[in-house]
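# A closer look at the structure
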Amino acid sequence: MTILFASDLDQTLIYSRRTMGSGVSEEELREAERIDGKPHSFMTSKSQSALWNLDSSVCFLPVTTRTQTQYERVTGIYEGNERPRFAIVANGAVILENGEPIKEWSDDIRKRCVSRKTIIQELKPEIERYFTEDWVVSVREADDWFVYMILDREQFPEENMEFYQRTFREIGWSLSLQGRKLYFMPESITKAAAMEYVKKRIDATYVVAAGDSLLDMCLLENADLGLLPAHGEAVQSDSFSGHIEVTEKKGIKAGEEILEKVMSISREFE
Ligand SMILES: [Mg+2]
């Protein structure tokens, strides 16, 4: 039998210095990503070793909102050159198989976005209409799929989030606030749909999913077991299903806890 371990990366398995939290020593840190020649994201040595040595019955599927280029920087999640066979990037708009995008998948997503008018050209005027405040530092596009805004969180009125969520949902966009980034995601682009595709391809019988943001909630809801870090955006949701467990620890140690759980599940199924 095959267990699919579908996991978000940032603030779930890998952490920057800003998000890793306390209670971790310098010696425990292993580099997961390098930017401009400097280590940028980390895992603990325990997490890294658990991930590199998962039982052969477990298929690790990275599921990230990062673009392909941003994902390819994350080299600490696999040993040597043994990249995971599949990876979901751009929040599910792109599925990589052996490092190459599956064209038919992305073409299909593109068609859905065009028919529902959830394309960047349609979104831009709406953003300009609602976001003129000076706490909008910049607006960026991710490979023509979705938009994210860099915010000045000190100035950002978080109490308006509900209004923004509602307003943009009406025109087909989901919002997710993660640190300084506010994502605008077309409804047709979901981590869950892409995960289901990979699940079928590898004929997995059981899915464990992990993730910390609202963009991960569909992934967790569609899994047999969902693991939700005790920090982050999603844990504040009003309600989630009974098969979703919240970690006891926060920050980089929550990542460790998630991997321990995956290991114990693979042992149970042996
Ligand atoms: Mg995350």
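About the criteria used
- Residues numbered from 1 in each chain as written.
- Predicted model: local features only at pLDDT ≥ 70, side-chain atom pairs only at ≥ 80, totals over all residues.
- Heavy atoms only, no water.
- Helix = DSSP H or I, 4+ residues; strand = E, 2+ residues; numbered from the N terminus.
- Rg over C-alpha atoms; globule rule 2.2 N^0.38 Å.
- Contact = heavy atoms within 4.5 Å.
- Donors = N, O, S within 2.8 Å, 3.2 Å for Na, K, Ca; no water.
- Buried < 20%, exposed > 50% of the residue type's maximum accessible area, 1.4 Å probe, protein only.
- Pairing = 2+ DSSP bridges.
- Axes fitted to C-alpha atoms, helices over the stretch in contact; angles between N-to-C directions.
- Core = buried A, V, L, I, M, F, W, Y, C linked by side-chain atoms within 4.5 Å.
- Domains from an automatic or database assignment.
- Polar contact = N/O pair within 3.5 Å; in protein donor to acceptor, adjacent residues only side chain to side chain.
- Salt bridge = Lys/Arg side-chain N within 4 Å of Asp/Glu carboxyl O.
- Buried area = accessible area lost by both parts, 1.4 Å probe.
- Nonpolar A, V, L, I, M, F, W, Y, C, P; charged D, E, K, R; others polar.
- 1 Å grid on protein atoms, 1.4 Å probe; cavity = no way out; pocket = protein on both sides within 12 Å on 5 of 7 lines; lining within 4 Å.
- Points joined across faces, edges and corners; volume = space filled by probe spheres on them.

Across its full length, the protein holds 8 helices and 14 strands. Computed over its C-alpha atoms, the radius of gyration of the protein comes to 18 Å, within 12% of the 18 Å expected for a compact globule of 270 residues. Dimensions of the protein along its principal axes, counting C-alpha atoms only, are 55 × 40 × 40 Å. The contacts of the protein with a sequence gap of at least 6 include a subset with a gap of at least 24, amounting to 60%.

The next thing to look at is the coordination of the magnesium ion. Within the protein, the atoms that donate to the magnesium ion are Asp8 (OD), Asp10 (O) and Asp212 (OD), at distances of 2.1 to 2.2 Å. Here aspartate 8 falls in the buried class, since its relative accessible area comes to 5%. By relative accessible area, aspartate 10 is classed as partly exposed at 22%.

Read across the open sheet, the 4 strands follow the order β8-β9-β11-β10; overall the sheet is antiparallel. Two strands lie at the open edges of the sheet, namely β8 (136-142) and β10 (173-178), each paired on one side alone. Going across the sheet, the axis of each strand differs from the next one's by a mean of 20°, ignoring polarity. Direction of pairing for β10 relative to strand β11 (residues 181-186): antiparallel, over a ladder of 6 bridges. When the sheet's bridge partners are listed, leucine 175 is paired in β11 with phenylalanine 184. Sheet contacts for helix α4 (residues 120-130): β8, β9 (146-151), β10 and β11; angle to β9, the most-contacted strand, approximately 30°.

In this section: the nonpolar core. Among the nonpolar cores identified, the biggest contains 66 residues, and Phe5, Leu13, Leu51, Leu61, Ile77 and Val208 are the most heavily contacted of them. Broken down by element, the residue count for this core peaks at 5 residues, all from strand β12 (residues 206-210). Looking at which domains feed residues into this core, each of domain 1 (3-103 + 189-268) and domain 2 (117-186) supplies at least three. Residues within four places of leucine 61 in sequence aside, it is in contact with Leu4, Phe5, Ala6, Ser7, Phe86, Ala87, Ile88, Met195 and Val198.

The next point concerns unusual backbone geometry. Unusually for a residue other than glycine, glutamine 11 sits at a positive phi of about 65°. Assignment of secondary structure puts glutamine 11 in the loop between β1 (3-7) and β2 (29-35). Its identity is not glycine, yet aspartate 144 carries a phi of approximately 70°, on the positive side. Relative to the helices and strands, aspartate 144 resides in the loop between β8 and β9.

Further remarks concern the side chain of serine 213. Along the chain, serine 213 falls in the loop between β12 and α7 (217-221). Serine 213 sits in the buried class, given a relative accessible area of 1%. A polar contact is formed between the side chain of serine 213 and the side chain of glutamine 178, at a distance of 3.2 Å. Side-chain polar atoms of serine 213 contact the backbone nitrogen of leucine 215, separated by 3.1 Å. In this structure, serine 213 is in contact with Ser176, Gln178, Glu233 and Ala234, ignoring residues within four places of it in sequence.

Here the focus is the pattern of salt bridges. If you walk through the whole model with that rule in mind, you get 18 salt bridges. Taking the shortest distance from any N to any O, the salt bridge between glutamate 33 and arginine 66 comes out at 2.8 Å. Linking glutamate 33 in strand β2 with arginine 66 in the loop between β4 (58-62) and α2 (68-72), this pair joins segments that are 33 residues apart in sequence. For the residue pair glutamate 33 and arginine 66, the accessibility class agrees, reading buried in each case. Several salt bridges converge on common partners, so that one network encompasses Asp10, Glu33, Arg66 and Arg73.

Our next topic: the domain arrangement of the protein. Partitioning the protein into domains gives domain 1 (3-103 + 189-268) and domain 2 (117-186). On a C-alpha basis, the centroid separation for the pair domain 1 and domain 2 is 24 Å. If you look at the interface, domain 1 gives 13 residues, while domain 2 gives 13 residues. Between domain 1 and domain 2 the total buried area reaches about 1100 Å² when both faces are included, carbon and sulfur atoms providing 63% of it. Together, Ile189, Leu215 and Glu233 form the three largest contributors to the area buried by domain 1 at its contact with domain 2, with a combined 40%. Taken together, the connections running from domain 1 to domain 2 amount to 4 residue pairs in polar contact (both at pLDDT 80 or more). Split by residue class, the side of domain 1 that touches domain 2 holds 6 nonpolar, 6 polar and 1 charged.

Before going further, it helps to spend a moment on the layout of surface pockets. Its volume calculated, the largest pocket comes out at about 1100 Å³. If you trace the largest pocket, you find 29 residues lining it, with Gln165, Leu175, Leu214, Glu233 and Ser237 closest to the centre. Those elements that provide at least two residues to the lining of the largest pocket are α5 (161-169) and β10. For the lining of the largest pocket, the class distribution of residues is 7 nonpolar, 11 polar and 11 charged. Each of domain 1 (3-103 + 189-268) and domain 2 (117-186) accounts for three or more of the residues forming the lining of the largest pocket. If you add up the space inside the second largest pocket, you get close to 780 Å³. As for the second largest pocket, its lining consists of 29 residues, of which Asp10, Arg18, His40, Lys181 and Tyr183 are closest to the centre.

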